[in-house]
Structures are given as C-alpha cells and as structure tokens.
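If you want the building blocks of each chain, they are given just below.
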Amino acid sequence: TACTPLDGFRLARSRSYSLVEPDGTLRTVFYTADPVNGFNAVVQRGPLVPKAVVPVAAGPAILAPAPVARVLG
C-alpha cells in the first residue's frame with residue numbers, strides 16, 4: 001500500500017508489505033514516511049516456512065523375471 005494522506009499535510013507514519021521473490025525467499029518491507037524525514041524503508045529477507053511433507057507409502061515391490069535370450073542355430 002502506498003502512503004495515504006491523513007489530513008492533507010501529514011502522511012501515514014508506517015506501513016509494511018511482503019512478497020515472495022522468484023527464488024522462493026520472503027521479502028518484507030517496513031517503511032515510514034513523514035514531511036521531515038521523507039521516505040525510509042527497511043527490507044528483511046528470509047526463507048519461507050516450508051510446507052509439511054507428507055510421505056507416500058511405498059507399495060509392494062514388483063519383481064519381473066529377467067528376459068532370456070534364445071540363440072537358434
């Protein structure tokens with residue numbers, strides 16, 4: 001979200017937003033803006049919380065006989 005004027009002279013003091021970078025990291029930006037100091041931002045980057053991995057149960061192994069070559073001659 002962009003800074004929103006509150007009364008025409010004073011700007012919103014602080015806001016933040018987050019997004020997922022193409023490499024899978026989470027970027028969070030905390031920013032403040034005011035008429036004296038202008039716009040200031042602090043960026044934090046970190047890993048996403050991994051999703052739980054659900055193991056797939058292995059089925060019974062299927063063994064097939066090896067092929068046999070016949071030589072006729």
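Each remark here, short or long, concerns the structure printed above.
Reference entry: report on the structure contained in this document. (Residues numbered from 1 in each chain as written. Predicted model: local features only at pLDDT ≥ 70, side-chain atom pairs only at ≥ 80, totals over all residues. Heavy atoms only, no water.)

**Points about the overall build of the chain**
Looking only at helices and strands, the chain features 0 helices and 3 strands. Mapped in sequence order, the helices and strands of the chain form the string β-β-β. The buried share of the chain, reckoned over its 73 residues, is 10%. Taking the contacts inside the chain whose residues are at least 6 apart along the sequence as the reference set, 12% of them involve residues at least 24 apart. Accessible surface, the chain: about 6,700 Å² in total, of which carbon and sulfur atoms supply 64%. (Helix = DSSP H or I, 4+ residues; strand = E, 2+ residues; numbered from the N terminus. Buried < 20%, exposed > 50% of the residue type's maximum accessible area, 1.4 Å probe, protein only. Contact = heavy atoms within 4.5 Å. Areas by Shrake-Rupley, 256 points an atom, 1.4 Å probe, with all protein chains shown as cover.)

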